[in-house]
Amino acid sequence: MNKLISSFIVALMTGLCFFASAQSQQALRGTVTDETGLPISGATVRASNQQTTATDESGAFSIAVSTGDLLTITFMGYDTYTHAVTSFDPLSVALQPGSNMLEDVVVFGYGTVKKKDLTGAIQQVGSADLVRAQATNVTEALNGRVSGVLVTKTNNRPGTDMSIQIRGTNSFNFSNEPLYVIDGIPSYSGMRHLNAADIETIDILKDASSSAIYGSRGANGVVIITTKAANRAPGFQVEYSGNLSLKTPTRIPDMIGNLGNGLEYVDYKIALWRAKYGESSLGRTDFLTDDEKRRIKYGEYYDWLREVSGPSMSHQHHVNANGSTEKNSYAFGLGFNDDDGMVGNENFRRYTFSLGLEHRASDRFKVGMNSYLSLNKTNHGADDALLNAYFIPPVASPYDYEGNYAFEVQPTSSKINPFVQIENNRKITDATYVNMAGFASYKLIEGLILKSQLAMQLDNDLYGEWIGTYTQGKQGVNAPDAFRRESKNTNYVWDNTATYDKWFNDRHHLNFIGLFSMQQETHQGSQMRGIGMPFDSDWHAIESAEEITDVSSYYWESSMLSYMGRLNYSFQDKYLVTLTGRADGSSRLARGNRWGFMPSAAVAWRLSEETFMRGGLFNDLKLRLSWGKSGNNNIDYDVVFSRLDLSKYPIGGTGTNGYGLGGSKGNPDLRWEMTSEWNAGLDFAVWNNRLSGTVEVYDRTTDDLIFRQAVAGLNGYTSILRNIGSTGNRGVEFGLNSTNISRERFQWKTNAVFSLNRNRIKELYGTGADDLANRWFIGQPIRVIYDFESLGIWQEEEIDEARRYGQSPGHIKVKDQNDDGVLDERDYLVLGTPSPSWTFGLTNSFSYRNWDLSVFVYGRIGGLYNDDFTYMFTAWDNEHWNKLDVHYWTPENRSNEYPQIGAQSYHTQVLAKVPGTFVKIQNVTLGYTLPQHILTRIGGRGARVFATALNPFTFTDYKGPDPETIGENVYTQLSLFPMSFNLGVNFTF
């Protein structure tokens, strides 16, 4: 196979040399900028000889033309530029704002459509925006740039996973993650393996009429990723992009006594011990050790958080090359990313390789392939290290008398030295991701193209963990543990499409796509744990352990057969209709229920094309209305079966396997979860496209939810899956683009997005009753915060009323909702939902001559969250641990937020309820594009240098590091919030 690829590339290069030496055509090079001189990336360059290419990030292009050919250059929002070729001198083109923005193409699945012909809610993010976001995980780049999309991350450690919600939450018990389609391969692997520089576009299908093309997998929306493939750009072009980043912790939480103010902690501890144990306790030997007293005497305080964490360096590099001849095109890319964390050994390292080939055997027949390989290694860091740095007070030192790291830094506490924990606890994931697709396309007759694509996706990972003796879990006594888990996931897809595209009488435009598809996926894996490892071998010699436990393995597969038809019709380019129908049959459901049919319909009216609207204010005005139905097959493979659980029993001195009914009973009558949605949209552009935007209003309902219903255990199982219940999501989305100032040398542009979603449970069990045990209430969101309503802190003038509830001044005060003098669950109420009320993103871009400046702001407003971090470090009153430095109640300082230090207060759980509002200035980038005369001297085609500050400012009331990770697992995922300073360059030659 390697020899075949090598021979093919050699043949392509040979053809390229022949092409370059031909006398009839030559390579015409040039650059494309906007009216202010700022490079335009992604502009389409077409020649009358049918050659086509696109500009790179520096605005450069190269295209093979002959004297007399006509060149046209187009880009969304700008007038088309035409040029008659009379010589081959480098061309400099400055596009002017115009009215061609509707010619942009978006991917809707199995095909493309021009923006002007779009009838559904689809939004696209291009390569330039993804790269400028400078996010290691490209998923994060969608936050604040696509309306209706909410990206959540579990923590800020390098390589962390992220998830996407599109227009809210639909399902109770199963995934709400969208379907990802990477170069035509549907999966749920996400985008964590991808390098932003390898992606051409990301198209998000938000409404059901758009996502219905993916049938039973489209209910949660669809994210279509198109990587950079072979194109017809002539000549040979190489692009390099790279940056160096310095990360430093920002918003480090303010713990008592940090920053060298150790006496604050001493005062806190005195107040705590007096409140808990009385004045005499201050003389006990465990109040302060001799070493702690000595350090206090000499002012030797240790800022644990700032010593355990620190700045780190990261860098990434990407090289992309492409070329083309008359018959062949090729493209390949190499990427490397090395991202160090700020605590211990945290690190994420990724290598990527992409290859695209296309051969045009004739005007009718072509074949090609795209492949993508990603090798990832994630060092997750050590459990408990950062957590212990929060807990250990500043009067403790990490060193013993000899200057070495001590294991126990505070004999009166159970928390061990974080530096020792880092040395003896390792958690590493090695992942391999492969995405390969080969296709053949044949034009049967004019307008009719048949295409067949066979694709394979491989997603493997190996996770290993080593817990040494000198760790928090082993306490310096027990022998080490090792754990190993591996999984292998393969996905095969065969898509066959027929596309017919035809104009009739220059008035009727018909586009039809028919699909027959087969998909099979297999999943297998195993795990084991070794207890009592005799030597440090990571997780590679578990068989040497004293005891092997947690042994398990699995294998399962599923398949799907699909038929789909999609019809797009337009009359006079004004009246648009889209009809889609898809039938899916899946092996995950029982016979008789495997097939589901998902239809959709959409209409649009381009009012701006009407005679009575022409020449007026609007350059574009389109009304859209759609309805669609889609399903959710992202469910367990065995939901229709009742599984047997394995138990081991000691009989006759040996272990004997026993099997019994598992905790959940299968249901062969299960049907697809089905989501139907209405979407109304308005697209507009005014003032010669200086202001354009989109407004979306939607109402989504999900019925026949596959719901895990609790039942009495006397049946032998505790739950059963049933199709019951209904949920809904309603929302509004806005997207605006404006050119605020446009002068010869200066320009200011703004892009803004706004999203609002309201989630609710419409029905549960068909009885109209709530499910109090699971905190599900009809008319409320799926996830709610249900607890006491906090009224602050009992004050001294309320002492009599406080005694009525067994409380004292300085204790937490909650509301007695029914005023019965008893505080219990009957006083609980729905306080909020852990989801923002609305979100927004705002990008301002400025350019002056060759300089450019962009500022990106992202915000989430509203939402109430259960935060273990806030609860742990404000409510816990351990006599040896540290706490957050907040305004605790005292008789002199009558705070109404936090209770008195040492108060044995009830209802401390209300301290965990924190609002999630924040506004971040997330990205500030200053760039400079080298002028053409300098590039000519150095032999380059385009070059830009830039400097970026990531997360320089965050505005929030949250006491933890990052309000975007509220609720992170404090034991396994606790992290700090990074601020980064990047220097980078993009160069094309």
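Keep in mind that this is a model prediction, so the values were computed, not measured. (Residues numbered from 1 in each chain as written. Predicted model: local features only at pLDDT ≥ 70, side-chain atom pairs only at ≥ 80, totals over all residues. Heavy atoms only, no water.)

Trainee: Can you help me understand the sheet that holds strand β36 (residues 719–723) in this one?
Mentor: In a beta sheet, neighbouring strands pair by backbone hydrogen bonds and run either parallel or antiparallel. Taken in spatial order, the three strands line up as β32-β36-β35 in an open sheet, and their pairing is mixed. Two strands lie at the open edges of the sheet, namely β32 (664–665) and β35 (706–710), each paired on one side alone. Examined bridge by bridge, β35 and β36 share five bridges and lie antiparallel to one another. Across the sheet, residue Q709 finds its bridge partner in β36, namely I720. (Pairing = 2+ DSSP bridges. Helix = DSSP H or I, 4+ residues; strand = E, 2+ residues; numbered from the N terminus.)

Trainee: Sorry if this is basic, but what is going on with the nonpolar core here?
Mentor: In a soluble, globular protein the nonpolar side chains are often hidden away together inside. In this structure, W304, Y390, F869 and F873 are the most contacted members of the largest nonpolar core, which totals 64 residues. Elements with a minimum of two residues in this core: α4 (262–277), α6 (304–308), α7 (385–391), α8 (418–424), β41 (812–814) and α10 (868–875). Ranked by the residues each element gives to this core, the list is headed by α7, at six residues. When sequence neighbours within four positions are dropped, the list of residues in contact with F869 reads P253, Y390, L884, Y958, K959, G960, V970 and L974. Grouped together as the second largest cluster of nonpolar side chains are 24 residues, V151, I164, A196 and I199 included. (Core = buried A, V, L, I, M, F, W, Y, C linked by side-chain atoms within 4.5 Å. Buried < 20%, exposed > 50% of the residue type's maximum accessible area, 1.4 Å probe, protein only. Contact = heavy atoms within 4.5 Å.)

Trainee: Looking at this model, I keep getting lost on the domain arrangement of the protein. Mind explaining?
Mentor: Where the parts come together, the accessible area they lose is often given as the size of the interface. Its domain assignment divides the protein into domain 1 (25–94) and domain 2 (105–233). Taken over C-alpha atoms, the centre of domain 1 sits 30 Å from the centre of domain 2. (Domains from an automatic or database assignment.)

Trainee: Please explain the UniProt feature "domain: TonB-dependent receptor plug" (unreviewed entry) in the protein as it appears in this structure.
Mentor: The feature "domain: TonB-dependent receptor plug" (unreviewed entry), as given by UniProt, occupies residues 114–222 in the numbering adopted here. When the span residues 114–222 is considered, its composition is 10% helix and 28% strand, and the gap between its end C-alpha atoms is 19 Å. (UniProt positions renumbered as here; feature names shortened; annotations may be inferred.)

Trainee: What should I look at first to understand a negative patch on the surface in this one?
Mentor: A surface patch of negative charge is lined by D254, E264, D267 and D885. Mapping D254 onto the fold places it in the loop between β17 (235–250) and α4. (Patch = residues over 30% accessible without salt bridge, like charges linked within 9 Å, V, L, I, M, F, W, Y side chains within 5 Å. Areas by Shrake-Rupley, 256 points an atom, 1.4 Å probe, with all protein chains shown as cover. Salt bridge = Lys/Arg side-chain N within 4 Å of Asp/Glu carboxyl O. Lys, Arg positive; Asp, Glu negative; His and termini not counted. Charge placed at Lys NZ, Arg CZ, Asp CG, Glu CD.)

Trainee: For this particular structure, what's the right way to read α4?
Mentor: Owing to its 3.6 residues per turn, the α-helix aligns residues three or four sequence positions apart on the same side. For α4, with 16 residues, the first-to-last C-alpha span of 22 Å sits near the 22 Å given by 1.5 Å per residue. Of the positions making up α4, those classed as buried are G262, Y265, V266, Y268, K269, L272 and W273. The buried residues of α4 occupy an angular sector of 165 degrees when the element is viewed end-on, so they sit on one face. Exposed positions of α4 whose direction lies more than 90 degrees from the buried face are L263 and D267. G278 sits one or two residues past α4 and shows a positive phi near 95 degrees. (Expected span 1.5 Å × (residues − 1). Arc of directions from axis to C-beta.)

Trainee: Just to check I follow, could you spell out the sheet that holds strand β2 (residues 44–47) for this structure?
Mentor: The strand order β3-β2-β5-β6 describes an open sheet built from four strands, whose pairing is antiparallel. A strand with exactly one partner marks an edge of an open sheet, and here the two such strands are β3 (52–54) and β6 (81–84). Each neighbouring strand pair of the sheet contributes to a mean axis angle of 20 degrees, computed without reference to strand direction. Alignment of β2 against β3, held across three bridges, turns out to be antiparallel. Across the sheet, V45 pairs through a bridge with T53, a residue of β3. (Axes fitted to C-alpha atoms, helices over the stretch in contact; angles between N-to-C directions.)

Trainee: Please explain the environment of D771 as it appears in this structure.
Mentor: Inspection of the secondary structure puts D771 in the loop between β38 (746–763) and β39 (785–787). Once you skip the residues sitting within four places of it in the chain, D771 turns out to touch L764, Y765 and W776. Within polar-contact distance, the side chain of D771 engages the side chain of N774 at 2.9 Å. (Polar contact = N/O pair within 3.5 Å; in protein donor to acceptor, adjacent residues only side chain to side chain.)

Trainee: Looking at this structure, how should I read α10?
Mentor: For α10, the tally of buried residues reaches six of eight residues, placing the bulk of the element in the interior. F869, T870, M872, F873, T874 and A875 are the residues of α10 that are buried. Buried residues belonging to α10 abut α7 and β46 (913–915).

Trainee: I would appreciate a short explanation of the side chain of N986 in the present structure.
Mentor: Of note, N986 is situated in strand β49 (residues 977–988). Under the relative-accessibility criterion, N986 is labelled buried at 11%. Apart from the residues within four sequence positions on either side, N986 is in contact with E57, Y240, S241, G942, A943, R944 and F946.

Trainee: Where do I start with unusual backbone geometry in this structure?
Mentor: A negative phi angle characterises most non-glycine residues, just as the trans form characterises most peptide bonds. Even without a glycine there, the phi angle at D506 is positive, about 55 degrees. Among the structural elements, D506 can be located in the loop between β24 (481–504) and β25 (508–531). Assessed through its relative accessible area of 71%, D506 is described here as exposed. Phi at R849 takes a positive value of approximately 55 degrees, unusual for a residue other than glycine. Structurally, R849 is set in the loop between β43 (838–848) and β44 (851–861).

Trainee: Please explain the packing of aromatic side chains as it appears in this structure.
Mentor: For any pair of aromatic rings, the description rests on two quantities: the centre-to-centre distance and the angle between the ring planes. Under the criterion given, the structure shown has 39 aromatic pairs. When the ring of Y265 is compared with that of Y268, the centres are 5.8 Å apart and the planes differ by 45 degrees; the resulting orientation is tilted. On the criterion of helical spacing, the pair formed by Y265 and Y268 is a turn pair, its members being three residues apart in helix α4. With respect to class, Y265 is no different from Y268; both count as buried. Relative to Y928, the ring of W851 has its centre 4.7 Å away and its plane inclined at 50 degrees; by these criteria the two rings are tilted. Pair noted here: W851 is in strand β44 and Y928 is in strand β47 (residues 918–929), with a separation of 77 residues, a long-range link. You can call W851 partly exposed: its relative accessible area is 43%. Geometry around F856 places R145 over its ring, the cationic atom sitting 4.0 Å from the centre. Its end group placed over the ring of F287, K269 keeps NZ or CZ at 5.7 Å from the ring centre. (Phe/Tyr/Trp six-rings, centres within 6.5 Å; stacked < 30°, edge-to-face > 60°. Lys NZ or Arg CZ within 6 Å of the ring centre and 35° of its normal.)

Trainee: What is the right way to read the environment of V223 from this model?
Mentor: You can see V223 is positioned in strand β16 (residues 222–227). For the pair V223 and G616, spaced 393 residues apart in sequence, the C-alpha separation works out to 37 Å. Once residues lying within four places of it in the same chain are set aside, the contact partners of V223 are I166, P178, L179, Y180, V181, M191, I202, D203 and I204.

Trainee: Explain the pattern of salt bridges to me, please; I cannot follow it from the model alone.
Mentor: In this structure the tally under the stated criterion is 45 salt bridges. K153 serves as the salt-bridge partner of D962, at 3.8 Å between the closest nitrogen and oxygen. Within this pair, whereas D962 is found in the loop between β48 (942–956) and β49, its partner K153 is found in strand β11 (residues 149–153), the two being separated by 809 residues in sequence. Close ionic contact of R192 with D161 constitutes a salt bridge, the shortest N to O distance being 3.8 Å. Of the two residues, R192 is situated in the loop between β14 (185–187) and β15 (199–205) and D161 in the loop between β11 and β12 (162–166); the sequence distance between them amounts to 31 residues. Taking the relative accessible area as the measure of exposure, R192 reaches 27% and is therefore partly exposed. Taking relative accessible area as the criterion, D161 reaches 44% and is therefore assigned partly exposed. One continuous salt-bridge network, built from bridges that share partners, spans E140, K153, R860, K920, D962 and E964.

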